[in-house]
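Structural overview for review
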Amino acid sequence: MDIIGKLRHLMEQKGWTEYRLAKEAGLSQSTIANIFHRQTLPSIPTLQTLCQAFGITLSQFFAENEPVALSAEQTKMLAAYSCLTPKRQKLVAAMIEELQIK
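As the structure is a prediction and not an experimental result, all values here were calculated from the model.

Thoughts on the overall build of the chain
Regarding its fold elements, the chain presents 7 helices and 0 strands. The secondary structure elements of the chain, listed N-terminal to C-terminal, are α-α-α-α-α-α-α. In terms of its C-alpha atoms, the chain occupies a principal-axis envelope of roughly 50 × 25 × 25 Å. Across the chain, the fraction of contacts at a sequence separation of at least 24, relative to all contacts at a separation of at least 6, is 47%. When the accessible surface of the chain is totalled, it reaches about 7300 Å², and 57% of it is carbon and sulfur. Averaging the locations of the 11 positively and 9 negatively charged side chains of the chain gives two centres separated by 9 Å.

Written out as structure tokens, the structure reads:
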């Protein structure tokens, strides 16, 4: 997979420049410049930060088909879920499963 190419494609979809991507992701412009001009692959934490700026998850980024954009509410919920301990994540998952209409 061409990670840098995929990042460029996502930027084009949003109409973002490298400067805008840096601002949206909260990363330095030098980090973004290293990725695109020096062809430096981003670390997983950096890639996760970039994905959050685009409103997608890492799994959506690496999916072979087009990523599904998350709504602002879904992004907020996913970020909150990611901060939970594994035990609490299991509790939230169980609660959501129980609340689903069957």
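Further notes follow.
What to know about the layout of surface pockets
By rolling a water-sized probe across the atoms, one finds the places where empty space is left. One number sums up the size of the largest pocket: a volume of about 200 Å³. Lining the largest pocket we find Gln48, Cys51, Gln52, Gly55, Ile56, Thr57, Leu58, Leu70, Thr75, Leu78, Ala79 and Ser82. For the lining of the largest pocket, the secondary-structure elements that each account for two or more residues are α4 (44-54) and α6 (72-82). Residues belonging to the lining of the largest pocket are distributed by class as follows: 6 nonpolar, 6 polar and no charged.

Focus on the nonpolar core
The biggest cluster of nonpolar side chains holds 19 residues, and the ones touching the most others in it are Leu7, Leu21, Phe36, Leu50, Phe54 and Phe61. Contributions of two or more residues to this core are made by α1 (3-14), α2 (18-25), α3 (29-37) and α4. Phe36 has contacts with Ile4, Leu7, Arg8, Met11, Glu18 and Leu21, leaving out every residue within four places of it along the chain.

A word on the UniProt feature "domain: HTH cro/C1-type" (unreviewed entry) in the chain
UniProt records the feature "domain: HTH cro/C1-type" (unreviewed entry) at residues 7-61, using the numbering of this structure. A distance of 9 Å separates the end C-alpha atoms of residues 7-61, which is 73% helix and 0% strand.

About the thresholds
- For every chain, the first residue of the written sequence is number 1, and numbering continues from 1 along that sequence.
- This being a predicted model, a pLDDT of at least 70 is required before a residue's local features are given, and a value of 80 or more before pairs of side-chain atoms are given or counted; all residues contribute to the totals for chains, interfaces and linings.
- With hydrogens and water set aside, each side-chain value is computed from the structure's full complement of heavy atoms.
- Numbered from the N terminus, helices here are DSSP runs of H or I no shorter than four residues, and strands are runs of E no shorter than two.
- Working rule for contacts: check all heavy atoms of both residues, and any pair within 4.5 Å makes them a contact.
- Note on areas: Shrake-Rupley, 1.4 Å probe, and residue coverage restricted to the protein chains presented here.
- In this tally, Lys and Arg are treated as positive and Asp and Glu as negative; His is ignored, and so are the chain termini.
- Every charge is mapped onto a representative atom, which is NZ of Lys, CZ of Arg, CG of Asp or CD of Glu.
- A cavity here means a set of points on a 1 Å grid, drawn over the protein atoms and nothing else, where a 1.4 Å probe fits but cannot get out; a pocket is an open set with protein on both sides within 12 Å along at least five of seven lines, and a residue lines either one if it has an atom within 4 Å of a point.
- Grid points are joined across faces, edges and corners, and a volume is the space filled by probe spheres set on the points.
- Under this grouping Gly is polar, as are all residues other than the nonpolar Ala, Val, Leu, Ile, Met, Phe, Trp, Tyr, Cys and Pro and the charged Asp, Glu, Lys and Arg.
- Definition used in this section: a nonpolar core is a set of buried Ala, Val, Leu, Ile, Met, Phe, Trp, Tyr and Cys residues joined via side-chain atoms within 4.5 Å.
- Categorising residues by exposure relies on relative accessible area from a 1.4 Å probe, with only protein chains included: less than 20% of the type maximum marks a residue as buried, more than 50% marks it as exposed, and the intermediate range marks it as partly exposed.
- UniProt positions are given in the numbering used here, feature names are shortened, and annotations may be inferred rather than shown by experiment.

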